[in-house]
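# Coordinate analysis (summary)
This is what each chain is made of:
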Amino acid sequence: QKEVEQDPGPLSVPEGAIVSLNCTYSNSAFQYFMWYRQYSRKGPELLMYTYSSGNKEDGRFTAQVDKSSKYISLFIRDSQPSDSATYLCAMSGGSGGYQKVTFGIGTKLQVIP
Amino acid sequence: EAGVTQFPSHSVIEKGQTVTLRCDPISGHDNLYWYRRVMGKEIKFLLHFVKESKQDESGMPNNRFLAERTGGTYSTLKVQPAELEDSGVYFCASSQGLVQTQYFGPGTRLLVL
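Everything in this summary refers to the structure shown in the same document. (Residues numbered from 1 in each chain as written. Chains lettered and ligands numbered in written order. Predicted model: local features only at pLDDT ≥ 70, side-chain atom pairs only at ≥ 80, totals over all residues. Heavy atoms only, no water.)

## Details of the nonpolar core
Soluble globular proteins tend to bury their nonpolar side chains together. Threshold: Only buried Ala, Val, Leu, Ile, Met, Phe, Trp, Tyr and Cys residues count toward a nonpolar core, and they belong to the same one when joined by side-chain atoms within 4.5 Å. The cut-offs for exposure are 20% and 50% of the maximum accessible area for each residue type, with area from a 1.4 Å probe on protein chains only; residues under the lower value are buried, those over the upper are exposed, and the others partly exposed. Helix and strand definitions here come from DSSP, where helices need a minimum of 4 consecutive H or I residues and strands a minimum of 2 consecutive E residues; each element is numbered from the N-terminal end. Residue contacts are counted whenever heavy atoms from the two residues lie within 4.5 Å of one another.
Counting residues in each nonpolar core, the largest one holds 24 residues, and the members touching the most others are A:Trp35, A:Ile72, A:Leu74, A:Tyr87 and A:Met91. If you list the elements that add at least two residues to this core, you get strand E3 (19–25), strand E4 (32–38), strand E5 (45–51), strand E7 (61–66), strand E8 (71–76), strand E9 (85–92) and strand E11 (107–112) of chain A. Sequence-distant contacts of A:Ile72, that is, excluding residues within four places in its chain, are made with A:Leu21, A:Asn22, A:Cys23, A:Tyr25, A:Phe33, A:Trp35, A:Gln64, A:Val65, A:Cys89 and A:Met91. With 21 residues, the next largest nonpolar core counts B:Val19, B:Leu47, B:Phe65 and B:Ala67 among its residues.

What follows is the structure, encoded as C-alpha cells:
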C-alpha cells in the first residue's frame, strides 16, 4: 500500500469553478503537509504548507488537513486557465524525519476557458 | 535571485555508460535534496545534504548511484553504470531551513537505452 494516495485525474473544470483536490495517507506520523503545483517540463513549485491539522488560506487557495481521517485537501476558488497544471500533495514527519518528503502521484487539472 | 539550476536538461545514454548530473542550489541554502520521478510513479526522495555532509541517503536505489556536494555548494549525482530502470526525471531542490519551503530545479530528463 502506498503511503500517500492521490487520484491522478485528469480533472477538467470550467473556468470559475471551485476545484477540490485530495490526498489520503496511511502514516499517522506525518506532521507537515504540502501542496505543489507543477507545470509541464518544470519543477514542482510550493503553493503552501500546513503543520498538523487545520486550515490555511492564501488568496484563492485553501488547504485543509484532517489528521483524524488522514485526509488533506486543496481548494482552488475561481479557477483560471492558468491554474491548469499537475498538483502534488506531499508530507513529511515521523520516523522518516521531517526533512524526508513523501509525494503523491499528482492530479492533472485542466481549467477550460 | 537565481533559482535552482540543473545541468544537463536532457541526457540520452546507453546502458552501461556513466552519467553525471549537476545541481546548483540557491546561494546560501545549506540543504540540498535529490529526487527522482520514474514515468508513471511518484516523485521519490533520494538523499539530503546539509552543507557537504550527507544527512540522509536512505532513498538511494543502489551503489551505482553516488552523490557528492563539493564544499557545500553545487552537487553532482553520478550513475555508473546506468541501467534501463534508471530512466526518469531527476530533480534537485534546496532550502535554507525547513524542507517544507524547498525550491525545486527544472529537473534533468535521463533516458537510458
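## A short note on the sheet that holds strand E8 (residues 75–79) of chain B
Residues and elements named next belong to chain B. To be explicit about the condition: For two strands to count as paired, DSSP must find a minimum of two bridges between them. Where helices are involved, their axes are fitted lines through C-alpha atoms of the stretch in contact, as for all axes, and angles between N-to-C directions lie from 0 to 180°.
Strands sit in the order E1-E3-E8-E7 across an open sheet of 4 strands; the sheet is antiparallel. At either end of the open sheet lies a strand with only one pairing partner, and these are strand E1 (5–7) and strand E7 (65–69). Neighbouring strand axes in the sheet, compared pairwise and without regard to direction, differ in orientation by 15° on average. Here 5 bridges tie strand E3 (residues 19–24) to E8, and the two strands are oriented antiparallel to one another.

## Points about the layout of surface pockets
The criterion, for reference: Cavities and pockets were defined on a 1 Å grid built over protein atoms only: a cavity is a set of grid points that admits a 1.4 Å probe from which the probe cannot escape, a pocket is an open set flanked by protein on both sides within 12 Å along at least five of seven lines, and lining residues are those with an atom within 4 Å of any such point. Grid points are joined across faces, edges and corners, and a volume is the space filled by probe spheres set on the points. Amino acids are sorted into nonpolar (Ala, Val, Leu, Ile, Met, Phe, Trp, Tyr, Cys and Pro), charged (Asp, Glu, Lys and Arg) and polar (every other residue, Gly among them).
The space that makes up the largest pocket amounts to roughly 720 Å³. Around the largest pocket, the lining comprises 25 residues; the ones closest to its centre are A:Gln38, B:Arg37, B:Met39, B:Gly40 and B:Val89. Contributions of two or more residues to the lining of the largest pocket are made by E9 and E11 of chain A together with strand E9 (88–95) and strand E11 (108–112) of chain B. Tallied by class, residues from the lining of the largest pocket come to 10 nonpolar, 9 polar and 6 charged. The volume enclosed by the second largest pocket comes to roughly 230 Å³. Forming the walls of the second largest pocket are A:Lys2, A:Glu3, A:Val4, A:Lys100, A:Val101, A:Thr102, A:Phe103, B:Glu42, B:Ile43, B:Lys44, B:Phe45 and B:Gly59. Mapped onto the lining of the second largest pocket, the elements with two or more residues apiece are strand E10 (101–103) of chain A together with strand E5 (43–50) of chain B.

## A word on the sheet that holds E8(A)
Residues and elements named next belong to chain A. The antiparallel open sheet is built from 5 strands, whose spatial order is E1-E3-E8-E7-E6. Both outer strands of the open sheet, strand E1 (4–6) and strand E6 (54–58), are each paired with one neighbouring strand and no more. On average, each strand axis in the sheet is inclined to that of its neighbour by 15°, with strand direction left out of account. Bridging between E7 and E8 involves 6 bridges; their strand directions are antiparallel. Within the sheet, the bridge partner assigned to Gln64 lies in E8 and is Ser73.

## Details of the interface of chain B and chain A
Short version of the rule: The term buried area refers to how much accessible surface (probe radius 1.4 Å) is lost by two components on association, counted for both of them together. The term salt bridge refers to a pairing of a side-chain nitrogen on Lys or Arg with a carboxyl oxygen on Asp or Glu at a separation within 4 Å. Two N or O atoms count as a polar contact when they lie within 3.5 Å, although within protein this holds only if one can serve as hydrogen donor and the other as acceptor, and sequence-adjacent residues are included solely when both atoms are side-chain atoms.
Across the boundary between the two partners, chain B contributes 24 residues, which contact 22 residues of chain A. By the criterion of area lost to chain A, the three top residues of chain B are B:Glu42, B:Ile43 and B:Gln100, representing 33% of everything that side buries. At the boundary of chain B with chain A, the tally comes to 1 salt bridge. Across the pair A:Lys2 and B:Glu42 runs a salt bridge whose closest N-O atoms are separated by 3.0 Å. Here chain B is connected to chain A by 5 residue pairs in polar contact (both at pLDDT 80 or more). When residues in the side of chain B that touches chain A are grouped by element, the largest group, 4 residues, is from strand E4 (residues 31–37) of chain B.

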